[in-house]
Amino acid sequence: MPSKKNKGIRILHDIEVLNAAIVDIKFNNMSLRKASKFHNIPLTTLHDKIKGKQPLVPKRSLLTIGEEKRLARWLIEMAQRGFGKTRVEVRETARAIIAVRNKTIESQDLDKVPLPSTQWLNGFFSRHPEISSRTPMPLSKERAVVTPKAIEKWFMDFRQTIESIDPTIFTSPSRIFNADETGFGFDVKSRQVIACKGSKNVYNITANTKKQVTVLACCSAAGEYMPPLLIYPYKRVPKHNLLDAFPEALIQLSDKGWMTAAVFFTWLRDVFIPSTNHLTKPILLLVDGHASHTSLLETSTICHDNNIILYCLLPHASHIIQPLDQAFFSSVKSAWQKAVSKHISVTGAGVNLESFSGVLKTAWYKAATPEIASSSFRAAGIFPFNPDMIISSQKMWPSRSFSYDDAIVPDVSEAPSQCRPESTEPEYTEFDLNESSLNIYSLVPNVSETPSQQKSTEPESTEFDMNES
């Protein structure tokens, strides 16, 4: 069976160069072959353009030349920083570009914009040979537990990238930030309580809902905190003020109370950027690989325009190198448990959506201290920059049990038993960038969402026999 011929790379020629070649042929008596060589245009292409077999500009171009170049640059930048996009995500991003360009389309009607075909995607790759579709190396659940070599390589790449932009960042803790989200459930795990020995039924007051509120936290290595963003599970704007007890906080809504790309973008635009305008640029913002942090092209654009380096942490390693996971979240969750217990003892009722902000306020201000922030960045090896401390720490013991490169395997019974991998499922969000705002109650469009992982640090008390003590 004869093999198929490889298709050549299609190149979009500058319209001005094409016009100049046509003028030389028609009015300056230049031959077709000479014009082809002089203007560096293939002979068949120039022939088809003159004869009208091909239009000078494609009639059905989904994206303009500028939009395609912008998309290609974005894909390269995302891949370099650890946010590689799938083929489907590229097509969805192209659809978002078309929708944003067509300002007559409302956010709720974005599904009516057809998804670019795989044929368009293949043509896009042909027109931009600098990018290609690559298959990432598959990792099993066990191998996903990062190895010391993976951590060392990430730190090395991280340092090289940042120093190539501005090496003074590593000496400026006020310019190094970490943002992450965590979920707060209302039906917290019941602790053991003291009861009469032999009692068959022992009860505990809890919330009557399984809903949760996601909280986005952000702080710098210098100990500066952004106001927390509370994402409530509402489809419509509630009539009552959910932040009445915590007016310093910010609010957004999504269908299930989860982080979305739309919410993250508005937080960047309305909170992070205005709060950091006084700082020397560029500034560094570390985030994990959750799709909500990068699935919008506008997120990369707004970071570039405001001189913000959005850098991805190593996948499956947030429990090791994400600052907020080192000290802050465990502190705020511990304070949250105590605040919930106090709320129940005072009111006789569990926490609900209406009382959540007031209970969180108590826990937030107990944990959001400069000391906890600086210790979080120090424990992650980010500031001061110290990857050797992470590689040699007990945090790496579980992963070494899966590594064939280590001559000595530590006793994993002494290693930490829990880690928090982040979600890597692809997500895509489309919305009107001019409508969403964090300064007021605003509806987030009905988009695909991925829950943020919850962290629990609940203590347990011990039941004992009162007659024996």
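Above: the structure in question.
Worth saying up front: this structure is predicted, and the values here are computed from it rather than measured.

Another aspect to go through is the overall build of the protein. If you tally the helices and strands in the protein, you get 16 helices and 6 strands. Out of the 469 residues in the protein, the part that is buried amounts to 47%. Element-wise, carbon and sulfur atoms account for 52% of the exposed surface of the protein, whose accessible area totals about 25500 Å².

All right, on to helix H6 (residues 118-127) then. Those residues of H6 not exposed but buried are Trp120, Leu121, Gly123, Phe124 and Phe125. Those residues of H6 that are buried are in contact with helix H4 (65-80) and helix H5 (87-101).

Contact geometry for H4 and H6: axes closest at 11 Å, N-to-C directions at 80°. For the element pair H4 / H6, the angle class is roughly perpendicular. Judged by residue contacts, Glu68, Leu71, Ala72 and Leu75 of H4 engage Trp120, Phe124 and Arg127 from H6. Residues of the contact of H4 with H6, tallied by class, amount to 5 nonpolar, no polar and 2 charged.

Turning our eyes to something else, we now look at the sheet that holds strand S5 (residues 283-287). Taking strand neighbours across the sheet as the criterion, the 6 strands line up as S4-S3-S2-S1-S5-S6 in an open arrangement whose pairing is mixed. Of all the strands in the sheet, the pair left with one neighbour each is strand S4 (250-254) and strand S6 (308-312). Strand-to-strand, the axes of this sheet are offset by a mean angle of 25°, without reference to chain direction. Strands in contact with helix H8 (residues 261-275) are strand S1 (176-185), strand S2 (212-220), strand S3 (229-233), S4, S5 and S6; relative to S5, the strand with the most contacts, it is inclined by about 150°. Against the sheet, helix H14 (residues 370-379) contacts S1 and S2, and its axis sits at roughly 80° relative to S2.

Here we come to the state of the cysteines. Counted under the stated rule, the structure contains 0 disulfides. Free cysteine cysteine 219: the closest other cysteine sulfur is in cysteine 218, separated by 6.7 Å.

Moving on, we get to the side chain of histidine 293. The topology assignment puts histidine 293 in the loop between S5 and helix H9 (297-305). Histidine 293 sits in the buried class, given a relative accessible area of 1%. Separated by 3.1 Å, the side chain of histidine 293 and the backbone oxygen of aspartate 288 make a polar contact. Excluding anything up to four places from it in sequence, histidine 293 contacts Glu181, Phe264, Val287, Asp288, Thr299 and Leu310.

With that settled, the discussion passes to the nonpolar core. Counting residues in hydrophobic clusters, the biggest one holds 62 residues, and the most contacted among them are Ile151, Tyr232, Ile321, Phe328 and Phe356. Considering each element in turn, this core owes the most residues, 8 residues, to helix H12 (residues 328-347). One finds Cys218, Trp267, Ile283 and Cys312 within the second-largest nonpolar core, a separate group that totals 47 residues.

Thresholds applied
Residues numbered from 1 in each chain as written. Predicted model: local features only at pLDDT ≥ 70, side-chain atom pairs only at ≥ 80, totals over all residues. Heavy atoms only, no water. Helix = DSSP H or I, 4+ residues; strand = E, 2+ residues; numbered from the N terminus. Buried < 20%, exposed > 50% of the residue type's maximum accessible area, 1.4 Å probe, protein only. Areas by Shrake-Rupley, 256 points an atom, 1.4 Å probe, with all protein chains shown as cover. Contact = heavy atoms within 4.5 Å. Axes fitted to C-alpha atoms, helices over the stretch in contact; angles between N-to-C directions. Parallel < 35°, antiparallel > 145°, perpendicular 65-115°, else oblique. Nonpolar A, V, L, I, M, F, W, Y, C, P; charged D, E, K, R; others polar. Pairing = 2+ DSSP bridges. Disulfide = S-S within 2.5 Å. Polar contact = N/O pair within 3.5 Å; in protein donor to acceptor, adjacent residues only side chain to side chain. Core = buried A, V, L, I, M, F, W, Y, C linked by side-chain atoms within 4.5 Å.

By themselves, these observations are geometric and do not establish any function.
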